[in-house]
Amino acid sequence: MMRFHMVQTAICMAAILCMATTLQAQSGYKNPIIRGFNPDPSVCRVNDDFYLVTSSFEYFPGLPIYHSKDLVNWQQIGHCLTRDSQLPLQKAPASAGLYAPSLRYHDGLFYVICTNVSGGGNFYCTAVDPAGPWSDPIWVDINSIDPDIFWDDDGRTYFVTQGNEGIRVTEIDIRTGKTVAPERLVWGGIGGRFPEAPHIYKKDGYYYLMLGEGGTEYMHSVTIGRSRNLYGPYESCPLNPILTHANRRGQANRIQGVGHGDMVQAQDGSWWMVFLGFRVTHQWVYYHVLGRETFLAPVDWPAGGWPQVNGNGTVSLEMNVPTLPLQPFEKTPAKADFNEEKLHFDWQYLRNPIRELYSLTEKKGYLRITASPHTLNDADAVSMVCRRQTEHDFTAETELEFNSSKENEEAGMTLIQNNTHHYDLLFRKSGDKRVVQLRVRVGSLSYIAAEGEVKGNRVLLKIEGSPDQYTFSYADLQKKKPVELGKQDTRYLSTEVAGGFTGVMIGLYASSNGKPGSAKAYFDWFDYQVKE
Ligand code: 6LW
């Protein structure tokens, strides 16, 4: 009997030890934590759950909401703006629409605070569940970008925004969004251009005001100041900028443009910063095609002291630091077979979609996209669904059935950075043949780079990505083996060339090129494989 008890105790102790090790802080993670175009992250915690939002510009639905248990692994749970009434994007130019959002939790409600720069300006929405539904926007009559809301302990509520001369704070009535006191300029940061992305944290009797400076390119940074009074004067942190790669320490880093951060305290008391940055394709060759992505860094923030980001204010792709106990999610399948009645959250439309042009039910197992007159060159509601390019090395393939006999009608797969920078792999009729064409649009240059003949009305389209080049192939399904049509340089779709705030998207589309049209493109499946 005694022996039995000893064995039992030993088993119990082993189990407890085992549990303790699995719940123990673990070491190391990969940056970026949310890959592909996901800039301007803002984060909050409710008990053991973290929620994060990023900006989405002219894409619909707007503002993806992510969930995490450990700050390292994230899973998208919805979007904040899913109804046309919440998000007018008609004719929004590329990189207009929704700018940097903020995500906060207060008194049982989630708040997303944001700006639609192409219609309506500043607003906030609320939700009981961050997965949605979210309320209609409450518009705030303050003209600026990068808004946040700060609740002070006395119950007053403040709208905090960017301003050309510095960060501005305005007391508002949270029920109506109306301002109740004049706007006050509180701090300009350390003199970098574009003081923006403000967030206020109250800690150890100080108001800490954190901002982004230097603009969202290579001079980007995060700076912080503090004051005993919300309206200032703010004293600058002696370590400023607390995060930047715009210095010798960051000059050779494959991650550039780090800035625009938000901080959160985990259940175990540790502090963390999420922020944007971009992965340049090569050391010293500064192009980036994936847009600005979301990164994570540990923050050491002693009581009464200043926050220090990952030791020296720089970060790396491989982070060798302790983390919270890791709790990964199941990955979204790489292959979309279009058997379900809804598209996964990965998929976006360009501006408010014309809904009747899309169907997942008309032909079982296919995504149908009906051509509209809009072309990929238009800043309009192009007939397209698209997803982010999330790695430099990837393969995207789709099988398409398209039997239009009109030469003006086309369907295919595109790599699109904006309406003046895209590479299209398209299927159409040309004379008495059916062809796949590789078309280039880079600024004022537009031409067909290559063409191949296809027998029948079904084709496989394939795009492979690498840091330098995209390779475009197709397979005539009667012959089966993919044939390479050509290669194009990635750099012409980079932000450095194309401009703007977004990243490359991989789109499935159909167009009747300016003429009335109703041709239907049927996509059987789409497969997206990556190498990190
Ligand atoms: C964002 C602002 C910025 O609102 O870019 O250059 C805007 N700075 O912080 C879009 O991401």
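It should be emphasised that the depicted structure is a prediction, and the values quoted were computed from it without experimental measurement. (Residues numbered from 1 in each chain as written. Predicted model: local features only at pLDDT ≥ 70, side-chain atom pairs only at ≥ 80, totals over all residues. Heavy atoms only, no water.)

Caption draft 1: Local environment of the overall build of the chain. Each helix and strand counted, the chain has two helices and 39 strands in total. Relative to the compact-globule value of 24 Å for 532 residues, the chain shows a C-alpha radius of gyration of 25 Å, a close match. With respect to the three principal axes, the spread of C-alpha positions in the chain is 80 × 75 × 45 Å. Looking at the chain as a whole, 58% of its 532 residues qualify as buried. A total accessible area of about 21800 Å² is found for the chain, and carbon and sulfur atoms account for 52% of it. Measuring between centres, the 51 positive side-chain charges of the chain sit 4 Å from its 59 negative side-chain charges. (Helix = DSSP H or I, 4+ residues; strand = E, 2+ residues; numbered from the N terminus. Rg over C-alpha atoms; globule rule 2.2 N^0.38 Å. Buried < 20%, exposed > 50% of the residue type's maximum accessible area, 1.4 Å probe, protein only. Areas by Shrake-Rupley, 256 points an atom, 1.4 Å probe, with all protein chains shown as cover. Lys, Arg positive; Asp, Glu negative; His and termini not counted. Charge placed at Lys NZ, Arg CZ, Asp CG, Glu CD.)

Caption draft 2: Highlighting the domain arrangement of the chain. For the chain, the domain assignment lists domain 1 (39-319) and domain 2 (335-530). Centre-to-centre, using C-alpha coordinates, domain 1 lies 33 Å away from domain 2. In this assembly, 38 residues from domain 1 lie in contact with 35 residues from domain 2. With both sides pooled, the region where domain 1 packs onto domain 2 buries about 3000 Å², and carbon together with sulfur makes up 53% of that total. Summed over the shared surface of domain 1 and domain 2, the number is three salt bridges. (Domains from an automatic or database assignment. Contact = heavy atoms within 4.5 Å. Buried area = accessible area lost by both parts, 1.4 Å probe. Salt bridge = Lys/Arg side-chain N within 4 Å of Asp/Glu carboxyl O.)

Caption draft 3: Region of the structure containing the site of the ligand. Around the ligand sit D40, F57, Y99, A100, I145, D146, E196, T216, H260, R292 and F501, and that is every residue in its neighbourhood. Within the contact set of the ligand, an oxygen atom lies 2.5 Å away from a side-chain nitrogen or oxygen of D40. The contact in question runs from an oxygen atom of the ligand to an N or O atom on the side chain of H260, over 3.1 Å. About the coverage of the ligand: the protein hides 94% of its 300 Å² of free accessible area. Here the shell around the ligand is built from residues that sort into five nonpolar, two polar and four charged. (Near = heavy atom within 4 Å. Polar contact = N/O pair within 3.5 Å; in protein donor to acceptor, adjacent residues only side chain to side chain. Nonpolar A, V, L, I, M, F, W, Y, C, P; charged D, E, K, R; others polar.)

Caption draft 4: Representation of the side chain of E196 within the structure. Mapped onto the secondary structure, E196 falls in strand β15 (residues 196-203). If we skip the residues at most four places from it in the chain, E196 touches D146, Q162, I167, L211, G212, G215, T216 and H220.

Caption draft 5: Structural view of the packing of aromatic side chains. Under the defined criterion, the tally for this structure stands at 29 aromatic pairs. Taken together, a centroid distance of 5.8 Å and an interplanar angle of 55° make the contact between F37 and Y59 tilted. Placement of F37 in the loop between β1 (26-30) and β2 (42-46) and of Y59 in strand β4 (residues 59-60) is noted, with a sequence separation of 22 residues between them. Where F275 meets F295, the ring centres are 5.9 Å apart and the plane angle is 20°; that geometry is what we call stacked. Of the two residues, F275 is situated in strand β21 (residues 271-279) and F295 in strand β22 (residues 293-300); the sequence distance between them amounts to 20 residues. With a relative accessible area of 0%, F275 lands in the buried category. An aromatic cluster of three or more residues is present, and its members are Y201, Y206, Y208, W271, W301 and W306. In this arrangement the basic side chain of R226 is found over the ring face of Y206, its NZ or CZ atom lying 4.0 Å from the centre. (Phe/Tyr/Trp six-rings, centres within 6.5 Å; stacked < 30°, edge-to-face > 60°. Lys NZ or Arg CZ within 6 Å of the ring centre and 35° of its normal.)

Caption draft 6: Fine view of the pairing of β21. Within β21, nine of the nine residues are buried, which leaves the element mostly enclosed by the surrounding structure. The two faces of β21 match: W271, M273, F275, G277 and R279 on one face and W272, V274, L276 and F278 on the other face are all buried. In the sheet, strand β20 (residues 255-265) pairs with β21 via seven bridges, with the strands oriented antiparallel. Looking at β21, one finds that V264 is bridged to W272. In this antiparallel pair of consecutive strands, β20 and β21, the connection spans five residues, and G269 shows a positive phi of 95°. In this structure, β21 lies alongside β22, joined through seven bridges in antiparallel fashion. Each bridged residue has a counterpart across the sheet, and for F275 the counterpart in β22 is F295. (Pairing = 2+ DSSP bridges.)

Caption draft 7: Main features of the pattern of salt bridges. Summed over the entire model, instances satisfying the criterion amount to 31 salt bridges. In this structure, the salt-bridge partner of E391 is R35, at a minimum N-O distance of 2.5 Å. A residue pair is termed long-range when its members are at least 10 positions apart, and E391 in the loop between β29 (384-388) and β30 (393-401) and R35 in the loop between β1 and β2 qualify at 356 residues. K202 is the partner of D153 in a salt bridge, and the nearest nitrogen-oxygen pair spans 3.1 Å. A residue pair is termed long-range when its members are at least 10 positions apart, and D153 in the loop between β11 (148-151) and β12 (157-161) and K202 in strand β15 qualify at 49 residues. Of the residues examined, K202 reaches a relative accessible area of 36% and is grouped as partly exposed.

Caption draft 8: Representation of unusual backbone geometry in the model. Cis geometry is found at the peptide bond from G132 to P133, where omega equals 5°. Within the secondary structure layout, P133 lies in the loop between β9 (121-127) and β10 (138-139). In this structure, P241 follows N240 across a cis peptide bond, with omega equal to -10°. Note that P241 resides in the loop between β18 (235-236) and β19 (243-244). Positive phi is not limited to glycine here, since F57 has a value of about 55°. Locating F57 in the fold gives a position in the loop between β3 (49-53) and β4. In this structure F57 comes out as buried when scored by relative accessible area, which is 1%. The phi angle at N310 is positive, at roughly 45°, despite the residue not being glycine. The topology assignment puts N310 in the loop between β23 (308-309) and β24 (318-323).

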